[in-house]
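Coordinates in review
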Amino acid sequence: MSETITADVADQPGATPVTAERQQEAATRKASSIEMQGLHKRFGRDTVALDGVDLDIQAGEFFTLLGPSGCGKTTLLRILAGLEEPDAGSLVVGGKTVTEVPPHRRSVNTVFQSYALFPHLSVRENLAFGLKMRGLPAARRNAKVDEIAGFIKLGDLVERRVDQLSGGQRQRIALARALVCEPDVLLLDEPLSALDAGLRSQLQVELLRVQKRLGMTFVFVTHDQQEAMVMSDRIAVLNGGNIQQVGAPREVYERPVNAFVARFMGHDNLYPITARHGDRLTTALGELTAEEGGEGELLLIRPETLDVLPGEVEGRNHLQATVAERLYRGSHAEFRLEIGETTLQATVNNRGRHLPDMGDRVTVVVAPEDLVTLSE
Amino acid sequence: MRKRTLQRGLTGFWWLTVAFLYLPLAVVVLFSFNASNSAASFSGLSLRWYRRLMGNEEILSAFANSMVLAITSSVIALAIGCLIGYGMYRHRHRKLGWLIVLIYLPIVLPDIVFGISEMAFFVQIHDWTGLLQPGLGTMIIAHVTFQIPFVALIVYSRFVGLDPTLFEAAKDLYATPVRRVVHFMLPTIKPALISAFFLSFTLSIDDFVISFFTSGPESATLPIYIWGAIKKGVSPEINAIAALMIGAVAVAATISLAFSRRRLT
C-alpha cells in the first residue's frame, strides 16, 4: 500500500496509454476478487431482496449487476459496501471474509447515485474526507488529492464549493473521492443515471478508461442494458433476488438462457416451439431449421440477424411476410413484419439499397446458426 | 384605476399593522430617554435612567440571573434537544404519532399550567428529598423543559432536509461512529444548532410566567423584577430596562432567523 497506483499513473502527463505489463502489474498489486456464497436478504416479513446469491467476481474485472428495479442488485451492492448485512451467506473480498465487517473498516468505496457530496465541505475537503478519516496527515492528503485531481482531470474544480458544481462535475468528484482512497473494490450505484444522454456516454467512456488504467475491480449497478454491454467485462442479470445469467456482454445478449434475460436485453422475437423434429422447429412463424435442435421451449430470433428481401422468394428458412410498420432511423430501419397472425421484428442496416415500404410483400431469411432456443 | 386604489389601501393596511405592532415598543424606547420624571410628558433626551440602572444592585442582580438562566438553560436544552431531534430523525419511518405529540405538547400548553405544574412538582420533590429548593436551579430545569421541543424540532427538520445517503457516504469513507458525529453530523447541522440556541435564549429571556412560579427569593430575573417594580408604578427606569430587553431579544431573534434560513444545496 506504500507506493500507490494512482500516484504512478498520475505522474504521467495527460492520457498517456499505460502499457499492458503495467496494467498487469497494477492488477496484481491492487485489485481484489470477490466471492459471494448463499447470500440471503429479506426486508420485513415478505419482501425477499436476495434469495441465495452465489457469485464470483474476478480481480480487476469491470462487473455489472443488471436488472429491473427491485431485482436485488442494489441490495447486493449495499451488502458489498457493508451498508446492509445479509441474513445468511458469506462474503469474501480479497481472500478475507468481511460478511460482518462494518463499512468503515472495509477497503471498499462507493460512488452513490445521488453522489452524496458533503455540503458543509469544499470539493477539496470532500476529496480528502476518506483519507482524513483514515488518519493521513494533511500534507499527504493534499498530495493525494492533487494526484487524483490530475488523474481524473478535475482542474480547478478542486478549489470550488460543492454548490457551484453541475451534475456531471459532481459525478466526477464523487468518483475521485472514492478512488483517492485506493480501495480494493470500487462500487458504483447507477452513477450515471441522473445525467443527460450525451454526458452519460462521455462519462461511460471515461469511467471505462479509468478502470482499465487502474486495473481496479469495479462493481457497477445499472438497469440500462445498453450501458451494461458497453462497460462490462461480465454481466450478472438479476431478477426477483436471483441471478438469472452471468456472462460476457455478447453471451448475455446473443445467448440469453431464459425468456426474462432475453426480454430484459431488449429481445421481442420470442416464439413458443410447438413441435420439433431433430433440428426442425415449428413455431407460429412456420417451420425453421436451426443449427442444433436445442432443449428450450422458446425460439429467439434477433432482429439484426434477419435478411429482408423484396418480393416473394422461395427457399429453406425463407418466410413470406407483409410490412406492417417501418421506422426509419437513418443508419438503419426497423420493420414490424406480419407473418399470418404473428409479428416479427427485423432491423435492416441502411446501405442505401431499397427499403421496403408499408404494405410491401417481403421475404425474411433466417440463418440456422442465428436461431437460439431457450427456456421459459 | 380601481386596482390602484385597492393597492394603496392594502399598503396603508400594512403600515397600520406595523404601527400597531411596533408603536408601543417605540413609545417605551422613546420614554426611556426622557429627561423628566414624568411618564406623561417628554422633555428632552437624556441617559439618566440608563445611568440609574447601572447603579441599582437589584436590577444588576436580576440581569445577571436572567443571563445565567438563559445561557445555562439554552446550552442544556441544546444538548438534550439535539439528541432527541436526531432520534426522531433516525426513527422517522416508524409510527411516532404519540411521541411527536409528547414533544409538541409543551409548546402549545398554556404557560400558567406549565408553571404551576412545575412548581407543584418541585415543592413535592423538595418535601420528600430536600433537593430542588426553588431558585435558579429549578428555573433552569423549568426553562430547559420548554426549550427542548423547539431545539428538537429545529434539529429534526435540518436532518430531514439532508440527503440520507450522506450518512452512508460517511460510513463508506472510513468514518467511525464518533468521527461521523464530529466530522459530519455536527458540522452539517451547525446552522440549526446556532439557530436553536438563540431561539432558546430568546424564549428564556422573554419568559415571565414559568419563571415566576419556579423562582426563589434570591433568583428574580428581569421580568420578575419589572413585575415587582411596576406594582409601585411605571418608572422611567423600567422603560430603560424594557428598551434594553427589546434590543437584546431583537439581536438574538435575528441571529436565530438568519441561521435557520441557511439552506443546503
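Here the structure is a predicted model, which means the values were calculated and not measured.

Notes on the overall build of chain B
Scanning chain B from terminus to terminus reveals 11 helices and 0 strands. Each principal axis of the C-alpha atoms in chain B carries an extent, and together these give about 75 × 70 × 30 Å. Counting across all 265 residues of chain B, residues that qualify as buried make up 34%. For chain B, the share of sequence-separated contacts (at least 6 apart) that also reach a separation of at least 24 residues comes to 80%.

Things to note about the sheet that holds strand S20 (residues 361–365) of chain A
Residues and elements named next belong to chain A. Judged by pairing direction, the sheet is antiparallel, and its 5 strands sit side by side in the order S16-S20-S17-S18-S19 without closing on themselves. Whereas interior strands pair on both sides, the edge strands pair on one side only; in this sheet they are strand S16 (307–310) and strand S19 (342–349). Within the sheet, the average angular offset between the axes of one strand and its neighbour, ignoring direction, is 45°. Here 8 bridges tie strand S18 (residues 332–339) to S19, and the two strands are oriented antiparallel to one another. Looking at S19, one finds that Phe 335 is bridged to Ala 346.

A look at the interface of chain B and chain A
Across the boundary between the two partners, chain B contributes 17 residues, which contact 19 residues of chain A. For the side of chain B that touches chain A, the secondary structure elements donating two or more residues are helix H7 (165–172) and helix H8 (177–206) of chain B. Here the side of chain B that touches chain A gets 6 residues from one element, more than from any other, and that element is H7(B).

Section: the domain arrangement of chain A
Residue and element names in this part refer to chain A. Domain annotation of chain A identifies domain 1 (5–261) and domain 2 (270–374). A straight line from the C-alpha centre of domain 1 to that of domain 2 covers 40 Å. Each side of the interface is counted separately: domain 1 has 5 residues, and domain 2 has 5 residues. For the side of domain 1 that touches domain 2, the residue count by class is 3 nonpolar, 1 polar and 1 charged.

With respect to the packing of helix H6 (residues 136–160) of chain B against H8(B)
Relative orientation and spacing of two packed helices are given, respectively, by the angle between their axes and the distance between those axes. All names here are of chain B. In contact at an axis separation of 9 Å, H6 and H8 are set at 155° when each is read in the N-to-C sense. When the axes of H6 and H8 are compared, the pair comes out roughly antiparallel. Handedness of the crossing formed by H6 with H8: right-handed. Contacts between H6 and H8 involve His 143, Phe 146, Gln 147, Phe 150, Val 151, Ile 154, Val 155, Arg 158 and Phe 159 from the former and Ile 189, Ala 192, Ser 195, Ala 196, Leu 199, Ser 200, Leu 203 and Ser 204 from the latter.

Thoughts on the confidence of the model for chain A
Residue and element names in this part refer to chain A. Summary statistics for chain A give a mean pLDDT of 89 and a share of 92% for residues scoring 70 or more. For the stretch residues 1–19, pLDDT sits under 50, and the model shows 22 contacts to residues farther than four places along the chain or on other chains. Confidence drops under pLDDT 50 across residues 21–28; counting only partners more than four residues distant or on other chains, this segment forms 9 contacts.

Focus on the UniProt feature "domain: ABC transporter" (unreviewed entry) in chain A
Using the residue numbers shown here, the UniProt feature "domain: ABC transporter" (unreviewed entry) corresponds to residues 34–265 of chain A. Secondary structure content for residues 34–265 of chain A is 36% helix and 26% strand, and the end C-alpha separation is 25 Å.

A short note on helix H1 (residues 2–32) of chain B
Note: α-helices contain 3.6 residues per turn, so residues at a spacing of three or four share the same orientation. Residues and elements named next belong to chain B. With 31 residues, H1 ought to run about 45 Å at 1.5 Å a step, and its terminal C-alpha atoms sit 44 Å apart, in line with that. Maximum bend of H1: about 40°, positioned at Tyr 22, with proline Pro 24 one to four residues after it. Of all 31 residues in H1, 2 are buried, a share of ten percent or less.

Points about the UniProt feature "domain: ABC transmembrane type-1" (unreviewed entry) in chain B
If you check UniProt for "domain: ABC transmembrane type-1" (unreviewed entry), the listed places come out as residues 63–259 of chain B in our numbering. From the first C-alpha to the last, residues 63–259 of chain B spans 26 Å; its make-up is 82% helix and 0% strand.

Let's talk about the UniProt feature "transmembrane region" (unreviewed entry) in chain B
The residues that UniProt annotates with the feature "transmembrane region" (unreviewed entry) are residues 12–33, 59–84, 96–116, 136–156, 192–213 and 238–259 of chain B. Along residues 238–259 of chain B one finds 100% helix and 0% strand; the C-alpha atoms at either end are 32 Å apart.

Some remarks on unusual backbone geometry
Residue and element names in this part refer to chain A. One non-glycine residue, Glu 182, lies in positive phi territory at about 50°. Looking at the secondary structure, you find Glu 182 in the loop between helix H6 (167–179) and strand S7 (185–189). You will see that Glu 190, though not glycine, has its phi angle at about 40°, which is positive. Looking at where Glu 190 falls in the secondary structure, it is placed in the loop between S7 and helix H7 (197–214).

Let's talk about the sheet that holds S7(A)
All names here are of chain A. Strand order across the open sheet formed by 6 strands is S6-S7-S8-S3-S9-S10, with mixed pairing between neighbours. Two strands in the sheet have a free side with no partner beyond their single neighbour: strand S6 (108–111) and strand S10 (242–247). The average undirected angle you get between the axes of adjacent strands in this sheet is 20°. Note: S6 against S7, 4 bridges, orientation parallel. Considered in S7, the bridge of Val 108 is made with Val 185. The strands that H6 touches are S6 and S7; relative to S6, the one it contacts most, it runs at about 180°.

Cut-offs used in this document
Residues numbered from 1 in each chain as written. Chains lettered and ligands numbered in written order. Predicted model: local features only at pLDDT ≥ 70, side-chain atom pairs only at ≥ 80, totals over all residues. Helix = DSSP H or I, 4+ residues; strand = E, 2+ residues; numbered from the N terminus. Buried ≥ 20, exposed ≤ 12 C-beta atoms within 10 Å, placed from the backbone. Contact = placed C-beta atoms within 7 Å. Pairing = 2+ DSSP bridges. Axes fitted to C-alpha atoms, helices over the stretch in contact; angles between N-to-C directions. Domains from an automatic or database assignment. Nonpolar A, V, L, I, M, F, W, Y, C, P; charged D, E, K, R; others polar. Parallel < 35°, antiparallel > 145°, perpendicular 65-115°, else oblique. Left-handed = near helix turned anticlockwise from the far one by under 90°. pLDDT = per-residue confidence, 0-100. UniProt positions renumbered as here; feature names shortened; annotations may be inferred. Expected span 1.5 Å × (residues − 1). Bend = angle between axes of the 7 residues up to and from the residue.

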